[in-house]
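Chain by chain, the residues:
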Amino acid sequence: MRLNLALCLGLALGLTHGKASEPVKPEQFGKLHSLIKPNAGEEKFMEIPWMIDLWEARKKAASEDKPILLWEMDGHPLGCV
Amino acid sequence: MGRELTFADAKIIELVNKNFVPVAMDDWFQRRRQDAEGDFFRKVADQGPRKGQGGGTRQGIYAFTADGKLLQYRNSQDPEVMRAFLLNALKSWGTLSPADRSAARAGIPELKKIDPRYVPTLAKDTLIVNVHARILEKENDFFCHGTCKFPGGQRASHDHLWIRETEWQALLPKSPQIGQEIEIPANLTYRLLRFHLIDNTRGEPPMWSRNEVRKAELKLAVSEIIKDEVRLKLTGAILLSTDADEKIAKRGYDASMLGEICYESSKRKIVKFNAVVMGEHWGEGTYTGGSRPGRAPLGIALELADPSKQADRVPPQAIRETSGYYEAGK
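Residues numbered from 1 in each chain as written. Chains lettered and ligands numbered in written order. Predicted model: local features only at pLDDT ≥ 70, side-chain atom pairs only at ≥ 80, totals over all residues. Heavy atoms only, no water.

Some remarks on the domain arrangement of chain B
All names here are of chain B.
Item 1. Domain parsing of chain B yields domain 1 (2–118) and domain 2 (127–326).
Item 2. Across the interface of domain 1 and domain 2, roughly 600 Å² is buried in total on both sides, 45% from carbon and sulfur atoms.
Item 3. Scanning the region where domain 1 abuts domain 2 turns up one salt bridge.
Item 4. The shortest N-O distance in the salt bridge between Arg320 and Asp26 comes to 3.2 Å. (Domains from an automatic or database assignment. Buried area = accessible area lost by both parts, 1.4 Å probe. Salt bridge = Lys/Arg side-chain N within 4 Å of Asp/Glu carboxyl O.)

See the structure below:
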């Protein structure tokens, strides 16, 4: 199935909408992209070299004779939370 | 919050980097895994207060040895509390008996089997695209960073769009011609819209259901060919709303998209995937309260990830149901 088919079905079902959002202006693209992305100042937590595999972290901790620090959240701490 | 408060603290960063092996995990997966890693994690957590009764959360911050002896547990975002936590963990580490310390250095066996239900696997040649959302405000003829009462809600969010090899290959015409339009696989379009054009600036929001995609007029066309490099222009008009009549929808996003995908024709390799989605978002989810009143600008930026960075390989939030994620158009 391709999207065009889905859209046709959607239109056939009368899924209408109001005023559309203004198109992104090409001359503003780069500035907007930079504005939205994280900047270094707000990414301090990434100064810590977080691993994302507990088993690999165990191996590293054993070989380096260090304890493990686990940041465990419902939703990945480095992802969408 | 942990990003904003705890792990943005200079002293905490220094303590962690010098003394610990840091690892970040999603409890939703970890507490459910029925394999050696899941057993190990539960064994560690069971030594603390969060024993996960009834399948409940075990989230928090744990310090423990490689063989699973818990040194400290806290679930706090207060930097002062966390500094004390780290120092106490190091004290416990320093006073381990010689036998315990030796056990902590023992080799870790290979993980032979994993529970595929709760370990999202990044297939070879999957294209990873970083997706960041941020609240914005209008300023003169442009925008500036928005403000929000929710702590950390003004910051850019993080998620990752996974695109299967067959899907991204389908975006690259073999004999490109200027103006040629390329059909985007429906599952990819719906995946992008349903799971990645979300306001996740205050935590995990509800994803869009398939029938909440009210408009998805995406167009991908060859815009330029410079020697071996082919540039594709991505444009789109998008409406996502909880009701077919957006005026009464409790939650919605009315947006436009502009982007550029570039690939090397001979190697069939995508070298750039930049896009911006800009529009007005309104409403909030059960766990993402504190949104701004009414409709307000929300920007979403996409760019190629760097798979060599562990943080860029974190699975998409919506992949908790793998087939649902990849087959978003069904």
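What to know about empty space enclosed by the protein
Residues and elements named next belong to chain B.
Item 1. What the rule picks out here adds up to four cavities of 30 Å³ or more.
Item 2. By volume, the largest cavity is sized at about 130 Å³.
Item 3. Forming the boundary of the largest cavity are 14 residues, of which Ile184, Leu188, Leu192, Leu234 and Phe273 lie nearest the centre.
Item 4. Of all the secondary-structure elements, those providing two or more residues to the lining of the largest cavity are strand S6 (159–163), helix H7 (186–196), strand S8 (213–226) and strand S10 (252–264).
Item 5. The element contributing the most residues to the lining of the largest cavity is H7, with three residues. (1 Å grid on protein atoms, 1.4 Å probe; cavity = no way out; pocket = protein on both sides within 12 Å on 5 of 7 lines; lining within 4 Å. Points joined across faces, edges and corners; volume = space filled by probe spheres on them. Helix = DSSP H or I, 4+ residues; strand = E, 2+ residues; numbered from the N terminus.)

Here we look at the confidence of the model for chain A
Item 1. Within chain A, residue pLDDT values average 81, and 74% of them lie at 70 or more.
Item 2. Here residues 1–18 of chain A scores under 50 on pLDDT; set against residues more than four positions off or in separate chains, the count is 25 contacts. (pLDDT = per-residue confidence, 0-100. Contact = heavy atoms within 4.5 Å.)

Examining the pairing of S8 of chain B
Residues and elements named next belong to chain B.
Item 1. As judged from the two bridges shared by strand S7 (residues 181–182) and S8, these two strands associate in the antiparallel manner. Looking across to S8, one finds that Ile182 is bridged to Leu220.
Item 2. Summarising the sheet, S8 and strand S9 (residues 229–241) pair through twelve bridges and their orientation is antiparallel. Residue pairing for S9: Glu217 is matched across the bridge by Ala237.
Item 3. What sits between the antiparallel neighbours S8 and S9 is a turn of two residues, in which Lys227 has the positive phi angle 55°. (Pairing = 2+ DSSP bridges.)

So, the interface of chain A and chain B
Item 1. Across the boundary between the two partners, chain A contributes 66 residues, which contact 101 residues of chain B.
Item 2. On the chain A side of the interface with chain B, the three residues burying the most area are Trp55, Leu69 and Glu72 of chain A, jointly 10% of the side's total.
Item 3. For the interface between chain A and chain B, the tally reads seven salt bridges.
Item 4. For Asp74 of chain A, the salt bridge is made with Arg320 of chain B, and the minimal N-O distance between the two is 3.9 Å.
Item 5. Counting the contacts that link chain A with chain B gives 36 residue pairs in polar contact (both at pLDDT 80 or more).
Item 6. Mapped onto the side of chain A that touches chain B, the elements with two or more residues apiece are helix H1 (3–12), helix H2 (29–36), helix H3 (54–64) and strand S1 (68–73) of chain A.
Item 7. Broken down by element, the side of chain A that touches chain B gets its largest block of residues, nine residues, from H3 of chain A.
Item 8. By residue class, the composition of the side of chain A that touches chain B is 36 nonpolar, eleven polar and 19 charged. (Polar contact = N/O pair within 3.5 Å; in protein donor to acceptor, adjacent residues only side chain to side chain. Nonpolar A, V, L, I, M, F, W, Y, C, P; charged D, E, K, R; others polar.)

Let's talk about the sheet that holds strand S3 (residues 70–74) of chain B
Picture the strands of a sheet paired through backbone hydrogen bonds; they go either parallel or antiparallel.
Item 1. With respect to topology, four strands assemble into an open sheet ordered S1(B)-S1(A)-S2(B)-S3(B), the strand pairing being mixed. Looking along the sheet, the strands with just one partner apiece sit at the ends: strand S1 (21–26) and S3 of chain B. Averaged over all pairs of adjacent strands, the angle between their axes in this sheet comes to 20°, without regard to strand direction.
Item 2. By the bridge criterion, six bridges tie S1 of chain A to S1 of chain B in an arrangement that is parallel. The residue of S1 of chain B that forms the bridge with Trp71 of chain A is Ala24 of chain B. (Axes fitted to C-alpha atoms, helices over the stretch in contact; angles between N-to-C directions.)

Describing the side chain of Arg42 of chain B
Residues and elements named next belong to chain B.
Item 1. Relative to the helices and strands, Arg42 resides in helix H3 (residues 36–45).
Item 2. With a relative accessible area of 13%, Arg42 lands in the buried category.
Item 3. There is a polar contact of 2.7 Å between the side chain of Arg42 and the backbone oxygen of Arg33.
Item 4. Not counting residues up to four positions away in its chain, the partners in contact with Arg42 are Gln30, Arg31, Arg32, Arg33, Gln34, Asp35 and Arg58. (Buried < 20%, exposed > 50% of the residue type's maximum accessible area, 1.4 Å probe, protein only.)

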